[in-house]
Amino acid sequence: MSAWNRDSIVLIFKVHSSAVGYLVIATRKDERASSMMNPKNTISQIKRLIGRQFSDPELQRDLKALPFSVTEGPDGYPLIHARYLGEMRTFSPTQVLGMVFSDLKTIAEKNLNAVVVDCCIGIPIYFTDLQRRAVMDAATIAGLHPLHLIHETTATALAYGIYKTDLPENDQLNVAFVDVGHASLQVCIAGFKKGQLKILAHSFDRNLGGRDFDEALFQHFAAKFKEEYKIDVFQNARACIRLRAACEKLKKVLSANPEAPLNIECLMDEKDVRGFIKRDEFEQISIPILERVKKPLEKALAEAGLTTEDIHSVEVVGSSSRVPAIMRILTEFFGKEPRRTMNASECVAKGSALQCAILSPTFKVREFKVNESFPFSIALSWKGPAPDAQNGASENHQSTIVFPKGNPIPSVKALTFYRSGTFTIDVQYADVSELQEPAKISTYTIGPFQSTKGERDKLKVKVRLSLHGIVSVESATLLEEEEVEVPGVKETAKEPTKMETDEASADAPPPTTSETDVNMQDAKGSASGAENGVPESGDKPVQMETDAKVEAPKKKVKKTSVPVTEIVYGAMAAADVQKAVEKEFEMALQDRVMEETKDKKNAVESYVYDMRNKLSDKYQEFVTDSEREQFIAKLQEVEDWLYEDGEDETKGVYIAKLEELKKQGDPIEQRYKESTERGPIIDQFIYCINSYREAAMSSDPKFDHIDLAEKQKVLNECVESEAWFREKKQQQDALPKYANPVLLSADVRKKAEALDRVCRPIMTKPKPAKAATPETPSPQGGEQQPQGAESPNATEGASGGSEVPPAAEPMETDKSETLPRAS
């Protein structure tokens, strides 16, 4: 969705995407002008709205600074109101983000000249499970397939480390990355070794960024102008936007200068305003913001188990990291000067592109392993029968942390439950103090299933933390033991046999993801054991040596898949996603129609201006005075129509209007074009005639083998062509330039081609071969070349060759590529 399409709905959203190359779109076309001219229809800050409830206090604070309308939807999540095709419509933040991705996809495909499907999207580390799912849904709406939702700080670390050639082999190099963006502060500590990086800790403040400094300046000057100029900018949305934009520029000036002025013409009520502020005063009003910078730094160090002495260097990125006060805080905290070796605005996109290339089989990238960690603790809870069920006690709740904070991504863990019927599992955050989100993420219903023994059955439940940081119950399996009779075998030799075992082989390769086998006993209500890195029991056949003497019955584990039903709180249903996909396709089609309509309208406007200028310039001699005046009047009429009744017409109307104008303009253009092109083509035609005539009349021995009758035919063709040209030339010279020509360039070309078709085969006829003499052996014992035989690679001149030497090829010319070569 762009500023010039979809009825001037504008999107301002910073997104990092990758497909083959990397692409960064920070704003739509002329963001400032669009937002100031059409503030209530300019959508921005989508990343702050997506996947959050309307009642969220943080969201409510964000909405106060947004000029467009946002209301609560029936599901408790925000709905954005925007005018589309002349009427007000509502869009969910996920739909709007899908529009952004769709626009990104279109731009990438135009630049790459290839279809783009796979991508890597950078997201903040504080995105919740619901927000991550919303980004995935938005990508689906746009027709994209994300290979990885990568944390922005991880992408920055990847872009930093993959080009380092001096990373240590054994000792870990610890680097702190501080990203101070528009609306949030993110801190990441990464450990680097040769060919790999490991994320040691994450921390963030999702409400501390450059916009907070802008807001501090905005509040300062809004109060000042209310006192000095008696104007309240809060009463005018456009005035608020202009003042915020001016404060943002002022902040940038203060980053490099000790003081800066603020001047805005006609801010409100036809009043010009002026202000002035020093950097010291700016930092004084920003103290509440600056005091919050240290907390994420301290938390990241504590979670990584490091001190400031263990940090080798500090890399600062983000557009708001240029504030001098922030740099001073970072220097004091780490005891070293922060570095700016990376592009502050493109590092996330670059890292995302590299990750996309690493995951894609198409591109060859330097081997570099990324060990990501999850920033939150995820717990599973379920209901179990109470010990004192006879007294009517209610069901008790049991839970365990399955993915602790810092757990590797991706990861799979297997849990064992003993149940006699359908049961449910809740996935929730173990600690919501940082997120301020509802604890419950999703609920999974496992069942129904039937037991053959009529008692509590053993079930293995797999829980996956995906590469995108999304938690889900992947599968459930019913395990039943059955006795199987094995016929006796008398042989004593040992033979390798493939068996399913409940123990992982010590020699088996390590799994790519972490798995835990947890036994969930109802009576105990807690995990009886957990072991990271051990595959689920019985997943892989392990080759073992067995002694085949035993004749006793064996037990075999029967595995039955159990249905799993998912409910994700706040997520779009699959049917709603499909509807959004269809709606996006419809709107994208409408975009293309509007773009084509706009192009046709511009073509009419351009033709009017261009033709009017040419009629009084280079077309002046090719049109009569009356015809010129009539045509100029028609052009003026169409111009007036464009800015009045034709302002908003359909594509077909503009096409018809342009064709109507061209009916008058094309003959004029044709006369001018013929006048400029005719001369060189005539010169080539005359040269062709003279060349064939000279060849036919030549006494050169190389043409002796051509019959006189054929030579006469060539001469007759030359005379006929010359006579045709002379007649047409006389008629053309008698006509004024404003008359339609009778000697056309196309006719001259056709006549030249016809002449060449007749004359070329005659004048280039090869000489007949001479009679061959018997072969005689050479003195050296080899075969001797027969006398009189033609050499395949040699050309003969006066000695009897059939090819025409360059001097006898007057009809061959390089003057024009439009005439055929007579070679």
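Here the structure is a predicted model, which is why all the values come from computation and not from measurement. Starting from 1, residues in each chain are numbered consecutively following that chain's sequence as written. Where local features are concerned, this predicted model is filtered to residues with pLDDT of at least 70; where side-chain atom pairs are given and counted, the filter is 80 or more; whole-chain, interface and lining totals use all residues. The basis for every side-chain value is the complete set of non-hydrogen atoms in the structure, without hydrogens or water.

## A few points about the pairing of strand β12 (residues 196-205)
The line we're drawing: Under the scheme applied here, a residue whose accessible area is under 20% of the maximum for its type counts as buried, over 50% as exposed, and between as partly exposed, the area being computed with a 1.4 Å probe on protein chains only. What counts as a helix is a DSSP run of H or I of at least four residues, what counts as a strand is a run of E of at least two, and both are numbered from the N terminus. Whether two strands pair depends on DSSP finding at least two bridges between them.
For β12, a buried count of 7 out of 10 residues is recorded, marking the element as mostly surrounded by other parts of the structure. Pairing geometry for strand β11 (residues 185-193) and β12, over 9 bridges, is antiparallel. Each bridged residue has a counterpart across the sheet, and for L185 the counterpart in β12 is D205. Of the strand pairs in this sheet, β12 and strand β16 (residues 369-373) are connected by 3 bridges, and their pairing is parallel. Within β16, the position partnered with K198 by the bridge is N371.

## Thoughts on the packing of helix α7 (residues 210-228) against helix α8 (residues 237-256)
Formally: Working convention: axes come from line fits to C-alpha atoms, limited for helices to the stretch in contact. Angles between N-to-C directions cover 0 to 180 degrees. Small angles under 35 degrees read as roughly parallel and large ones over 145 as roughly antiparallel, with 65 to 115 read as roughly perpendicular and the rest as oblique. Should the near helix be turned anticlockwise from the far one by less than a right angle, the crossing is left-handed, and should it be turned clockwise, the crossing is right-handed. Here, residues are in contact when the closest pair of their heavy atoms is within 4.5 Å. In the scheme used here, Gly and all other residues not listed as nonpolar or charged are polar, with Ala, Val, Leu, Ile, Met, Phe, Trp, Tyr, Cys and Pro taken as nonpolar and Asp, Glu, Lys and Arg as charged.
Running from amino to carboxyl end, α7 crosses α8 at an angle of 120°, the nearest separation of the two axes being 9 Å. Put simply, α7 runs oblique to α8. Two packed elements cross with a definite hand, and for α7 against α8 that hand is right-handed. Of the residues in α8, those in contact with G210, F213, D214, E215, L217, F218, F221, A222 and F225 of α7 are C240, L243, R244, C247, E248, L250 and K251. Classifying every residue of the contact of α7 with α8 by side-chain character gives 10 nonpolar, 1 polar and 5 charged.

## Re the packing of aromatic side chains
Here is the rule we go by: Working definition: a ring pair exists when centres of Phe, Tyr or Trp rings (six-membered ring for Trp) sit within 6.5 Å. Plane angles under 30 degrees give stacked, over 60 give edge-to-face, the rest tilted. To sit over a ring, a charge needs its Lys NZ or Arg CZ within 6 Å of the ring centre and within 35 degrees of the ring normal.
Overall, the coordinates contain 20 aromatic pairs when judged by the stated rule. Ring centres of Y160 and F177 lie 5.4 Å apart, and the angle between their planes is 80°; on these two criteria the pair is classed as edge-to-face. Separated by 17 residues along the polypeptide, Y160 in helix α6 (residues 152-161) and F177 in strand β10 (residues 173-180) bring together distant segments of the chain. The exposure class of Y160 is buried, given its relative accessible area of 7%. Judged by relative accessible area, which is 1%, F177 ranks as buried. Through a chain of ring-to-ring contacts, three or more aromatic side chains come together here, namely Y126, F127, F204, F374, F376 and Y429. Sitting above the plane of the F218 ring, R244 keeps its charged end 3.9 Å from the centroid. The ring of W641 carries K657 above its face, with NZ or CZ at 4.7 Å from the centroid.

## A few points about the nonpolar core
Put simply, the rule reads: We define a nonpolar core as any set of buried Ala, Val, Leu, Ile, Met, Phe, Trp, Tyr and Cys residues linked to one another through side-chain atoms lying within 4.5 Å.
Counting residues in hydrophobic clusters, the biggest one holds 67 residues, and the most contacted among them are F101 and V135. Apart from residues lying up to four places away in sequence, V135 is in contact with I50, L97, F101, I121, I123, F127 and L149.

## Focus on the confidence of the model for the protein
This is how the line gets drawn: Per residue, pLDDT measures the predictor's confidence, with a range of 0 to 100.
Overall, the prediction assigns the protein a mean pLDDT of 79, with 78% of residues at 70 or greater. Across residues 521-550, confidence stays below pLDDT 50; counting only partners more than four residues off in sequence or on other chains, it has 74 contacts. Segment residues 776-823 is flagged for pLDDT under 50; beyond a separation of four residues in sequence, or across chains, it makes 66 contacts in the model.

## What about the state of the cysteines?
Put simply, the rule is: Criterion for a disulfide: a pair of cysteine sulfur atoms within 2.5 Å.
As enumerated under the stated definition, the model contains 0 disulfides in all. Of all cysteine sulfurs in the structure, the one in C120 sits closest to C356, which takes part in no disulfide; the separation is 5.9 Å. Cysteine C688 shares no disulfide, and the gap to the nearest cysteine sulfur, in C759, comes to 7.4 Å. Its relative accessible area of 7% is what places C688 among the buried residues.

## Structural notes on a negative patch on the surface
Definition in use: Residues qualify for a patch when their relative accessible area is over 30% and they have no salt bridge, like charges being joined within 9 Å and the nonpolar side chains of Val, Leu, Ile, Met, Phe, Trp and Tyr within 5 Å. Note on areas: these come from Shrake-Rupley sampling with a 1.4 Å probe, and a residue is covered only by the protein chains present in the view. Here, a salt bridge means any Lys or Arg side-chain nitrogen found within 4 Å of an Asp or Glu carboxyl oxygen. Counting rule applied: Lys, Arg positive; Asp, Glu negative; His and chain ends not counted. To locate a charge, take NZ of a lysine, CZ of an arginine, CG of an aspartate or CD of a glutamate.
Together, E265, D269, E270 and D272 make up a region of like negative charge exposed at the surface. Examined against the element boundaries, D269 turns out to sit in the loop between β13 (259-268) and β14 (271-278). On the accessibility criterion, D269 (53% relative accessible area) is exposed.

## Focus on the pattern of salt bridges
Evaluation of the coordinates by the stated rule reveals 34 salt bridges. Note that R339 is salt-bridged to E315, the shortest N-O span being 3.8 Å. On the criterion of sequence distance, the pair formed by R339 in the loop between α12 (324-334) and α13 (347-359) and E315 in strand β15 (residues 313-317) is long-range, its members being 24 residues apart. The exposure class of R339 is partly exposed, given its relative accessible area of 31%. Its relative accessible area of 0% is what places E315 among the buried residues. Members of the salt-bridge network, linked through shared partners, are R48, R52, D56, E58, D62, R206 and R211.

## Side note on the environment of E248
Along the polypeptide, E248 turns up in helix α8. In the structure, E248 is positioned 31 residues away from L217 in sequence and 8.3 Å away in space, judged by C-alpha atoms.

## A closer look at the sheet that holds β12
The strand order across the open sheet built from 6 strands is β15-β10-β11-β12-β16-β19, with neighbouring strands paired in mixed fashion. Unpaired on one side and paired on the other, β15 and β19 (408-409) mark the two borders of the sheet. One ladder, built from 8 bridges, connects β10 with β11; its direction is antiparallel. Among the inter-strand pairings, V175 is bridged to a residue of β11, identified as A190. Contacting β10, β11, β12, β15 and β16, α6 crosses the sheet at an angle of about 40° to β11.

## Description of a nonpolar patch on the surface
A grouping of F585, L589 and V593 is seen on the molecular surface, where their side chains present a nonpolar patch of about 280 Å² in accessible area. Looking at where L589 falls in the secondary structure, it is placed in helix α14 (residues 574-615).

## Looking at the side chain of K614
Within the secondary structure, K614 sits in helix α14. K614 gets classed as buried once you look at its relative accessible area, which sits at 19%. Not counting residues within four places of it along the chain, the set of residues in contact with K614 comprises Y619 and Q620.

## Examining the sheet that holds strand β6 (residues 78-84)
Taken in spatial order, the 3 strands make up an open sheet running β5-β6-β7, and their pairing is antiparallel. Of all the strands in the sheet, the pair left with one neighbour each is β5 (69-72) and β7 (87-91). Strand-to-strand twist across the sheet, computed as the mean angle between neighbouring axes with direction ignored, equals 35°. Where β6 meets β7, 5 bridges bridge the pair, whose relative direction is antiparallel. Counterpart to A82 in the pairing with β7 is R89. Each of β6 and β7 is contacted by helix α4 (residues 93-112), which is oriented at about 95° to β7, the strand it contacts most.

## Regarding helix α18 (residues 745-763)
Structurally, the α-helix is built with 3.6 residues per turn, so residues lying three or four positions apart point the same way. What counts is decided by this rule: By definition here, a helix of n residues has an expected span of 1.5 Å times n minus one. Two axes define the bend at a residue: one fitted to the seven residues ending there, one fitted to the seven starting there, and the bend is the angle between them.
The end-to-end C-alpha distance of α18, which contains 19 residues, comes to 26 Å, matching closely the 27 Å that a straight helix rising 1.5 Å per residue would cover. The sharpest bend along α18 measures roughly 30° and falls at R757, with the proline P761 sitting one to four residues further on. The complete set of buried residues in α18 reads S745, V748, A752, L755, D756, C759, R760, I762 and M763. Looking at the packing, one finds that the buried side of α18 touches α16 (651-697) and α17 (708-733).

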